[in-house]
Amino acid sequence: MRKLLLLMLVSSTALAGEPSADRQNTLRNMLKHDCGACHGLTLKGGLGPALLPEALAGKSDDFLADAILNGRKGTAMPPWQRFINRDEALWLIKVLRNPEH
Amino acid sequence: MKKLIPILGFVFSLNAVAEPRATGDLGVVIQREDGKTLIVNSTEHKRLAEIEGLGDLSHASVVFSRDERYAYVFGRDGGLTKVDLLNDAIAKRIVQAGNSIGGAISQDGRFIAVSNYTPGGVKVFSADTLELIADIPAEYDDGKLSKVVGIVDAPGQRFVFSLFDAGEIWVLDLKNPKQPAVQKFRDIGKQPYDALISPDGRYYIAGLFGEPGLALLDLWDTSKGAKRILPEYGKTDDKLPVYKMPHLEGWAMADDYLLVPAIGKHEVLVIDKRQWQLVKAIPVAGQPVFVRARPDGRQIWVNFAFPDNSLVQVIDVKDLSVHKSLTPGKAVLHMEFTPRGEQVWVAVRDDNQLVVYDTETLTEIARLPAKTPSGIFFSSRAHQIGL
């Protein structure tokens, strides 16, 4: 029982924090190709605006997470909540703000 | 013996001279992640060369010179590269804008036009030297510049294109390149996202993202302006989310119909070409991206946006229904038919492959490796209006 509780505790903290390594790979791939379809593979923009750190600087995490999860009415930005949850959206925003090289 | 050596030398050198290459069965394949393109041969199912240095090809499009010798590659970063298919080399390259989406070649093959997002507008270049011939900013509403989409060549040495942000269609006449003449059609519909021209060069049709229907311009008589077709279709339905815009270059005209991807619905729409009315809405597996007709018009091949992008469906035009569903692999980005349609080449991005199907048996006949392939363009496009 204790082991089970411990496992539940560990896994729930993992859910509340960073996505797993595997999931991170999936998300990065989605960012590149599926977000990239409109925002450019280099994120410099296309049909959709650029997603580089300078472009996101004036926008809050909440605003961006809402745009990702719910889309933006009147624009071509669709809702992605079917595929990613809020924590994952926030992780993606972190990645966009701090691109690793 | 002494006399024999020079003779043998001569004979061997003849063998060493390469067979001249023909370009009619060649194609260009965009490798979107590494800025390279492949030159392929559709008769032999072979990769002939890999050309590097084409910049950002994360979205790219290609047109061919009138003599089928050169491929003009329009890259996402505004790069315009003239690739020599005879010598496997870049003949010339310029970077002409900040963000670019596509291009076209004029009726007489002398001019290349590029449609740009940034700065919004169209630039025209000499197909020979790539020097700038004309610059047409897509200005609307008090000096704002609109993204330009859906550029095609049209008979009469014209280019036709749409302004996404402005909701306009413009016709550019280049009969006198020193004095380009632009005819503007305003309020044609909200957010035209792409367009096609019918194979006979008569009808320019733009898909609308911002409202139902499509905008149709009859180039035989533009005095009536653009007309809305299917204005009521799907108006009250909830639109399904669109994860990738349909691409209309490949819109299919087959039999008496125009077949187009629905936007926000998992359907291929069949429109009667005479009355411009909806004849049928064919249910398909996802949001269609490309709806492409086999050259004889008997089959339509459809691929889809995320998350249904591992599927391809084949519609039989005889009964306008899906006859087969195929799974070529992960992330099918494009399909291209050989000139008379016996094969179709399918780009499968995440499997890093090109898969070739026999269109009669619908079976796979070859695979070629390609790194994250996207667009496949065969040289026979050189002789097709609108391509």
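Quantities reported herein were computed from a predicted structural model and do not represent experimental measurements.

### Topic: the overall build of chain B
Logical step 1: Broken down by element type, chain B carries 1 helix and 34 strands.
Logical step 2: Here chain B has a C-alpha radius of gyration of 22 Å; the compact-globule value for 387 residues is 21 Å, and the two agree.
Logical step 3: Principal axes of the C-alpha set define a box for chain B whose edges measure 90 × 50 × 35 Å.
Logical step 4: Sequence separation of 24 or more characterises 43% of the internal contacts of chain B that already satisfy a separation of 6 or more.

### Quick word on the overall build of chain A
Logical step 1: What chain A contains, in helices and strands, is 5 helices and 0 strands.
Logical step 2: Written out in order from the N terminus, the α and β elements of chain A read α-α-α-α-α.
Logical step 3: Sequence-distant contacts, at least 24 apart, represent 44% of the contacts inside chain A between residues at least 6 apart.

### Focus: the interface of chain A and chain B
Logical step 1: Chain A puts 15 residues into the contact, and the matching count from chain B is 16 residues.
Logical step 2: Here the side of chain A that touches chain B is built from residues that sort into 7 nonpolar, 6 polar and 2 charged.

### Regarding the pairing of strand 28 (residues 312-316) of chain B
All names here are of chain B.
Logical step 1: Summarising the sheet, strand 27 (residues 299-304) and strand 28 pair through 5 bridges and their orientation is antiparallel. Its bridge partner lying in strand 28, W301 is registered against V314.
Logical step 2: With antiparallel pairing between neighbouring strands as the criterion, strand 28 and strand 29 (residues 321-326) make up a hairpin whose turn holds 4 residues, including L320 at a positive phi of roughly 50°.

### Points about the nonpolar core
Logical step 1: Grouped together as the largest cluster of nonpolar side chains are 120 residues, with contacts concentrated most on B:A71, B:Y72, B:L259, B:I300 and B:V346.
Logical step 2: Once residues within four sequence positions are removed from consideration, B:Y72 is found in contact with B:V62, B:V63, B:L80, B:K82, B:G103, B:I105 and B:I112.
Logical step 3: One finds A:I68, A:W80, A:I84 and A:L92 within the second-largest nonpolar core, a separate group that totals 6 residues.

### Section: helix 2 (residues 21-39) of chain A
Residues and elements named next belong to chain A.
Logical step 1: The principal kink in helix 2, of about 30°, is found at M30.
Logical step 2: Among the residues of helix 2, those classed as buried are H33, C35, G36, A37, C38 and H39.
Logical step 3: Positive phi appears at G40, one or two residues downstream of helix 2, with a value of about 90°.

### Points about the sheet that holds strand 20 (residues 214-218) of chain B
Residue and element names in this part refer to chain B.
Logical step 1: Taking strand neighbours across the sheet as the criterion, the 4 strands line up as 18-19-20-21 in an open arrangement whose pairing is antiparallel. Each edge of the open sheet is held by one strand with a lone partner, namely strand 18 (192-197) and strand 21 (227-229). Taken over all neighbouring pairs, the strand axes of this sheet differ in orientation by 30° on average, direction set aside.

### Points about the environment of B:Q157
Residue and element names in this part refer to chain B.
Logical step 1: By secondary structure assignment, the location of Q157 is in the loop between strand 14 (148-154) and strand 15 (158-163).
Logical step 2: Judged by local crowding, Q157 falls into the partly exposed class, with 17 C-beta atoms found within 10 Å.
Logical step 3: Residues Q157 and S42 lie 115 residues apart in sequence; the distance between their C-alpha atoms is 31 Å.
Logical step 4: Dropping the residues within four chain positions of it, Q157 is found in contact with S106, Q107, D108, D173, L174 and K175.

### Description of the environment of B:R76
Logical step 1: Mapped onto the elements of the fold, B:R76 is located in the loop between strand 5 (70-75) and strand 6 (79-84).
Logical step 2: Considering only alpha carbons, one finds B:R76 and B:S61, 15 residues apart in sequence, at a separation of 8.9 Å.
Logical step 3: With sequence-adjacent residues up to four places away left out, B:R76 is seen in contact with A:G40, A:G46, B:D56, B:L57, B:S58, B:H59, B:A60, B:N99 and B:S100.

### So, the packing of helix 4 (residues 61-70) of chain A against helix 5 (residues 86-97) of chain A
Residue and element names in this part refer to chain A.
Logical step 1: Between helix 4 and helix 5, the least distance of the axes is 9 Å, while the angle of their chain directions is 120°. When the axis of helix 4 is compared with that of helix 5, the two are oblique. Remark: the crossing between helix 4 and helix 5 carries right-handed chirality. Here helix 4 contributes D61, L64, A65, I68 and L69 to the contact with helix 5, which in turn contributes R86, A89, L90, L92 and I93.
Logical step 2: Considered class by class, the residues forming the contact of helix 4 with helix 5 number 8 nonpolar, no polar and 2 charged.

### Considerations on unusual backbone geometry
Residues and elements named next belong to chain B.
Logical step 1: The omega torsion across T118 and P119 is -15°, close enough to zero to call that bond cis.
Logical step 2: Turning to its location among the elements, P119 is positioned in the loop between strand 9 (111-118) and strand 10 (121-126).
Logical step 3: With an omega dihedral of 0°, the bond running from F306 to P307 counts as a cis peptide bond.
Logical step 4: Mapped onto the secondary structure, P307 falls in the loop between strand 27 and strand 28.

### Examining the sheet that holds strand 15 of chain B
Residues and elements named next belong to chain B.
Logical step 1: A sheet is described by the order of its strands in space; here 4 strands give the open sequence 14-15-16-17, paired in antiparallel fashion. Looking at strand neighbours, the two that pair on one side only are strand 14 and strand 17 (181-185), the edges of this open sheet. Ignoring strand direction, the axes of neighbouring strands in this sheet form an average angle of 20°.
Logical step 2: Sheet topology note: the strand 15/strand 16 (residues 168-173) ladder contains 6 bridges and is antiparallel. From the neighbouring strand, S162 faces strand 16, where its bridge partner is I169.

What counts and how
Residues numbered from 1 in each chain as written. Chains lettered and ligands numbered in written order. Predicted model: local features only at pLDDT ≥ 70, side-chain atom pairs only at ≥ 80, totals over all residues. Helix = DSSP H or I, 4+ residues; strand = E, 2+ residues; numbered from the N terminus. Rg over C-alpha atoms; globule rule 2.2 N^0.38 Å. Contact = placed C-beta atoms within 7 Å. Nonpolar A, V, L, I, M, F, W, Y, C, P; charged D, E, K, R; others polar. Pairing = 2+ DSSP bridges. Core = buried A, V, L, I, M, F, W, Y, C linked by C-beta atoms within 7 Å. Buried ≥ 20, exposed ≤ 12 C-beta atoms within 10 Å, placed from the backbone. Bend = angle between axes of the 7 residues up to and from the residue. Axes fitted to C-alpha atoms, helices over the stretch in contact; angles between N-to-C directions. Parallel < 35°, antiparallel > 145°, perpendicular 65-115°, else oblique. Left-handed = near helix turned anticlockwise from the far one by under 90°.

Remember that the coordinates give geometry; whether it matters functionally is a separate question.
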